[in-house]
Amino acid sequence: LSYTPLTVMQLKLMADDYPGFQIQTRFDPPHCFSLLIRLGIHTDDTRLVASLLDKIACRYLNYVNVVVSPPPSHDAFGALTKALARHPAASNINELCISSPRDTSQHGKSKPDPSSMDRGSKDETATSEVIRTDALRPLYALRSLCYIRLEGGLCLALDDTTLAEMAHAWPTLVDLSLPASSAPRPTLA
């Protein structure tokens, strides 16, 4: 059995199925999914996605869609962005979507308090931790990005400086979608 000719892959990776968040493959990374172009993953922990990306050695990957529920922590989001930045296809990825379904009903919790975002702290009643700019910066290595969507229950702390850095890092960007809950809010001035 060989997965080499596979070009599109959709997976569901759940932490309970992978102790230690390590994904094992039967193939050496140079031969594992070498023609993969599109990757979609639904997960409950972004560390699984990072582990999988380390096993997929394709250089043709140009589309990555990650749905994570519950929303990732700042550190888990940062681990995912670092794995994307070091991937052999980092310079080819032109479409990236990382989303987390909005769910404010779980355990009666609500979104983070926007006033705590500039301090980079986590509201004790929140379902999603504030993701600070340093966790986004590894994505700047994906120089071919045309479409980026960071959506849903993700709570990003963005400002004008971060948006200027994004514009500089992704000169071919034509579509940027960010969660409405981002705070502090960029002025675009």
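This text follows the structure it describes.
Residues numbered from 1 in each chain as written. Predicted model: local features only at pLDDT ≥ 70, side-chain atom pairs only at ≥ 80, totals over all residues. Heavy atoms only, no water.

Participant: Could you give an account of the overall build of the chain, with specific residues and numbers?
Facilitator: Helix and strand counts for the chain come out as four helices and eight strands. Counting only residues that meet the buried cut, the chain has 46% of its 189 residues in that class. Long-range contacts, defined here as pairs at least 24 residues apart, represent 80% of the contacts in the chain between residues at least 6 apart. (Helix = DSSP H or I, 4+ residues; strand = E, 2+ residues; numbered from the N terminus. Buried < 20%, exposed > 50% of the residue type's maximum accessible area, 1.4 Å probe, protein only. Contact = heavy atoms within 4.5 Å.)

Participant: Describe in detail the packing of aromatic side chains, supporting the description with residues and values.
Facilitator: Summed over the entire model, instances satisfying the criterion amount to one aromatic pair. With a centroid separation of 5.6 Å and 80° between ring planes, the pair formed by Tyr140 and Trp170 is classed as edge-to-face. Residue Tyr140 is located in the loop between helix 3 (133-136) and strand 6 (147-152), and its partner Trp170 is located in the loop between helix 4 (160-169) and strand 8 (175-177); the two are separated by 30 residues in the primary sequence. One exposure class covers both Tyr140 and Trp170, and it is buried. Across the ring face of Tyr63, the terminal group of Arg38 is positioned such that the distance to the ring centre comes to 3.8 Å. (Phe/Tyr/Trp six-rings, centres within 6.5 Å; stacked < 30°, edge-to-face > 60°. Lys NZ or Arg CZ within 6 Å of the ring centre and 35° of its normal.)

Participant: Account for the nonpolar core, with residues named and values stated.
Facilitator: Judged by nonpolar contacts, the single largest core of 43 residues is most densely connected at Leu39, Leu61, Leu84 and Leu96. The contact partners of Leu84, leaving out residues within four places of it in the chain, are Leu53, Val64, Ala90, Ile93, Leu96, Ile98, Leu139 and Leu142. (Core = buried A, V, L, I, M, F, W, Y, C linked by side-chain atoms within 4.5 Å.)

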